[in-house]
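In case you want the letters, here they are:
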Amino acid sequence: MTPSTTGTTRATDRNGPAVKPGGLPPGSETGSRPVRAPRGVERTCKTWQAEAALRMLMNNLDPEVAEKPASLVVYGGRGQAARSWAAFDAIVESLRRLEADETLLVQSGKPVGIVRTHAEAPRVLIANSNLVPAWATQQHFDKLAAAGLMMYGQMTAGSWIYIGTQGIVQGTFETFAECGRTHFGGTLRGRLCVTAGCGGMGGAQPLAATLAGGTCLIADVDRGALNRRHRDRYLDEIAEGVDAAIDRAVSLASAGEAVSVGVECNAVELLSRLLERNVRVDVLTDQTSAHDVMSYVPAELTHAEAETLRRVSPAEYERHALATMERHVRLMVEHMKRGAVTFDYGNNIRQRAYDNGFADAFAFPGFVPAYIRPQFCVGRGPFRWAALSGEARDIFVTDHEILKLFPRDGGDYARRLHEWILGCHKNPEALLAGDFERCEPRFAFQGLPARICWLGLGERDKAGLLFNRLVAQGRVGAPIVIGRDHLDCGSVASPNRETEAMADGTDAVSDWPLLNFAVNIASGASWVSFHHGGGVGIGYSQHAGQVIVADGTPAAAARLARVLTNDPMMGVLRHVDAGYPQAAGCAEALGVRVPMGRRAGR
Ligand code: NAD
């Protein structure tokens, strides 16, 4: 793997001196108030397409869902849903007035225009955080954000399809489960899995690791983040003190108990102490917010002290944070050398450590080449949906129906789908029997009830059409909105993450997410987005998202069939082109047309 060293100093000279980094655009907090999406069948917009966009924007900011709703931050450090509260109000107002043949344009969280298109066009087009490559530096972005001209959209924050921590649980489960299969004979039972970062996305780790059978020990400097995951049943226990946490986790692992233990401390403190005590870690990763230097918390500072330093001396904060990240990755490599199966979990921490002088920072792989790429080759990725009725029962109905649509004996992925969906329920037998009154979620829904599961090409369209029928037949209370993460098979260029170590070296080619963005517009998704920097920070990724509404109409069925076929097909095409035989096999089996065939460009 070749670490990218670009994006750190380019163009900054031309941009003038760096301004205070890490800030949110002005107005982020002015006019803040609690927001919650409307529920039920009464619309305040003229179409369900616009209504769904409005509800999902509001849902992203629901205090149950967003990490810092008062400043419009949904998750991922400073990933915002709108640039300011004034922009939020203007988006809501625009969506309410939007006609069935109009499209709202949103530029970095601000509504900038409404154009006449046609009924089958998207109702909203979104571009967030994009910069011309030579200017795509953190400094230049921060300067524009501080002037109120841009915002950081992360992936599903600025594209209004975040569904809380569950959104990442299944992908994380897939990763830990695959790790168990690859390295530990099929299960993580009895294995000590250590990580850090229990925030909006990282909070999925303790639940996913235990669903995969492991014992999880997770550090976070913010007690509030641990408490929140504990309250939502993603984290089983919180121990007082690093040594007590290590003792508890080691004893749980030796008893083979799939339990998670959280501890309030810096990641480097936990990893150092594990080394000092000579504790053998089986699996090691990290999901602190390292993609954003100003969100990652430097060592020896409490969460509160970090807040103060960030405000009064951002340059000192940045130096301190980068030094800690370097130390953090050195500790990870040391654990790896002592036998821990170690992987990067998509927060770009290796790049930060490398840029700060640790030449061996890329000694361990990213999670995509290590575990996920085979799924991308067949168009699989994080399919998700939310019930606009607000009724949990609607999700139970869709869970029940999706298990019938993809029977358990349909192969390895179908078996995993059943394990996952049934694992989301406290009473799986009630779900199987269709006794929805007795169904109870294993972990709390955040905001509008929602579900995620990984589906591939040839499956997503079937699921979308099924949901549309459920809406048409009145078997669910209101339309269902369907989307996905930008972390998908054919929608992202991110050389340190989704496209790390591509077989043909095309890691940094971003024609693919641009084609994905265009394909989803041409196919008629309800809203479509193109972002820069999500997951790994400014300069390191470009990616596209789509959301489509199943409102029960024949027109929606036609759009669902197109979008939910063409969108995952981009993953197959991208991996056929890069030379993956599994993708070529999938293309042949499913009749995907590839004019010049595999690696024809060479
Ligand atoms: P977040 O901002 O909601 O949470 C980050 C957490 O890390 C916070 O609770 C913070 O207190 C904690 N933290 C920061 N520095 C720390 C340190 N040094 N030691 C211990 N705790 C520390 O962010 P998030 O949404 O949870 O995302 C976390 C990271 O994971 C981001 O970089 C994001 O881009 C990445 N991510 C990866 C995937 C994936 O599938 N691989 C998906 C989503 C997000």
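What you see is a predicted model, and the numbers here were worked out from it, not measured in a lab. (Residues numbered from 1 in each chain as written. Predicted model: local features only at pLDDT ≥ 70, side-chain atom pairs only at ≥ 80, totals over all residues. Heavy atoms only, no water.)

*Asks:* How do you make sense of the packing of aromatic side chains when you look at a structure like this?
*Replies:* The relative placement of two aromatic rings is captured by the distance of their centres and the angle of their planes. Summed over the entire model, instances satisfying the criterion amount to 18 aromatic pairs. Their ring planes at 40° and their centres at 6.5 Å tell us that Phe383 and Phe467 sit as a pair that is tilted. With Phe383 in strand β12 (residues 381-387) and Phe467 in helix α16 (residues 460-472), this residue pair connects regions lying 84 residues apart in the sequence. Taken individually, Phe383 and Phe467 each receive the classification buried, so the pair is uniform in this respect. For the cation-ring pair, Arg380 lies above Tyr413, with the distance from its terminal atom to the ring centre recorded as 3.8 Å. (Phe/Tyr/Trp six-rings, centres within 6.5 Å; stacked < 30°, edge-to-face > 60°. Helix = DSSP H or I, 4+ residues; strand = E, 2+ residues; numbered from the N terminus. Buried < 20%, exposed > 50% of the residue type's maximum accessible area, 1.4 Å probe, protein only. Lys NZ or Arg CZ within 6 Å of the ring centre and 35° of its normal.)

*Asks:* Just to check I follow, could you spell out the packing of helix α8 (residues 267-276) against helix α10 (residues 314-337) for this structure?
*Replies:* In helix packing, the relevant descriptors are the interaxial angle and the interaxial distance, both defined with respect to the helix axes. Between α8 and α10, whose axes approach to 9 Å, the crossing angle comes to 30°. It follows that α8 is roughly parallel to α10 by the angle criterion. Read as a crossing pair, α8 and α10 show a hand that is left-handed. Seen from α8, the contacting residues are Ala267, Val268, Leu271, Ser272, Leu274 and Leu275; seen from α10, they are Thr324, Arg327, His328, Leu331, Met332, Glu334 and His335. Taken together, the residues of the contact of α8 with α10 break down into seven nonpolar, four polar and two charged. (Axes fitted to C-alpha atoms, helices over the stretch in contact; angles between N-to-C directions. Parallel < 35°, antiparallel > 145°, perpendicular 65-115°, else oblique. Left-handed = near helix turned anticlockwise from the far one by under 90°. Contact = heavy atoms within 4.5 Å. Nonpolar A, V, L, I, M, F, W, Y, C, P; charged D, E, K, R; others polar.)

*Asks:* Would you mind going over the domain arrangement of the chain with me for this structure?
*Replies:* In many reports, interface size means the accessible area that the parts give up when they come together. Once the domains are mapped, the chain shows domain 1 (43-164 + 375-602) and domain 2 (188-364). Between domain 1 and domain 2, the C-alpha centre-to-centre distance is 28 Å. Between domain 1 and domain 2, the contact holds 28 residues from the first and 23 residues from the second. Taken together, the two surfaces of domain 1 and domain 2 that pack against each other cover about 2,000 Å², and 42% of this comes from carbon and sulfur. Taken as a group, Arg442, Phe443 and Asn496 account for 24% of the area that domain 1 buries against domain 2, more than any other trio of residues on that side. Where domain 1 touches domain 2, the interface holds four salt bridges. (Domains from an automatic or database assignment. Buried area = accessible area lost by both parts, 1.4 Å probe. Salt bridge = Lys/Arg side-chain N within 4 Å of Asp/Glu carboxyl O.)

*Asks:* Could you clarify how one ought to interpret the site of the ligand in this entry?
*Replies:* Close to the ligand lie 32 residues; Met201, Asp220, His291, Tyr345 and Gly535 are nearest. At 2.9 Å, a backbone N or O of Gly77 approaches an oxygen atom of the ligand. A distance of 2.9 Å is found between an oxygen atom of the ligand and a backbone nitrogen or oxygen belonging to Met201. In isolation the ligand exposes 860 Å². Once the protein is present, 95% of that is buried. Looking at the shell around the ligand residue by residue, the class counts come to 12 nonpolar, 16 polar and four charged. Summarising the domain contributions, the shell around the ligand has at least three residues from each of domain 1 (43-164 + 375-602) and domain 2 (188-364). (Near = heavy atom within 4 Å. Polar contact = N/O pair within 3.5 Å; in protein donor to acceptor, adjacent residues only side chain to side chain. Areas by Shrake-Rupley, 256 points an atom, 1.4 Å probe, with all protein chains shown as cover.)

*Asks:* Just to check I follow, could you spell out the sheet that holds strand β9 (residues 260-264) for this structure?
*Replies:* Each strand in a sheet pairs with another by means of backbone hydrogen bonds, the pair being arranged parallel or else antiparallel. A sheet is described by the order of its strands in space; here six strands give the open sequence β8-β9-β7-β6-β10-β11, paired in parallel fashion. Either end of the sheet is taken by a strand with one partner, and the two such strands are β8 (237-239) and β11 (341-342). Sheet topology note: the strand β6 (residues 192-196)/strand β7 (residues 215-220) ladder contains five bridges and is parallel. Opposite Ala196, over in β7, you have Ala219 as the bridge partner. (Pairing = 2+ DSSP bridges.)

*Asks:* What should I look at first to understand the nonpolar core in this one?
*Replies:* Side chains of nonpolar character tend, in soluble globular proteins, to be buried together. Of all hydrophobic cores here, the largest spans 118 residues; its most connected members are Met56, Phe88, Leu95, Trp160, Phe467, Ile482 and Trp527. No other element matches the nine residues that helix α1 (residues 48-61) contributes to this core. Three or more residues apiece are contributed to this core by two domains, here domain 1 (43-164 + 375-602) and domain 2 (188-364). (Core = buried A, V, L, I, M, F, W, Y, C linked by side-chain atoms within 4.5 Å.)

*Asks:* I tried to follow the pattern of salt bridges on my own but got confused; where do I start?
*Replies:* When charged atoms on two side chains of opposite charge get close, those side chains can pair. Enumeration over the complete set of coordinates arrives at 44 salt bridges. Residue Glu437 pairs with Arg393 through a salt bridge whose shortest N-O separation is 3.4 Å. You can see Glu437 sitting in the loop between α15 (428-433) and β13 (450-455) and its partner Arg393 sitting in helix α13 (residues 392-405), a full 44 residues away along the chain. The partner of Asp567 in a salt bridge is Arg460, and the shortest N-O contact between them spans 3.9 Å. Linking Asp567 in helix α18 (residues 554-577) with Arg460 in helix α16, this pair joins segments that are 107 residues apart in sequence. Accessibility assignment for this pair places Asp567 and Arg460 in one class, buried. Several salt bridges converge on common partners, so that one network encompasses Glu174, Glu178, Arg181, Asp412, Arg415, Arg416 and Glu419.

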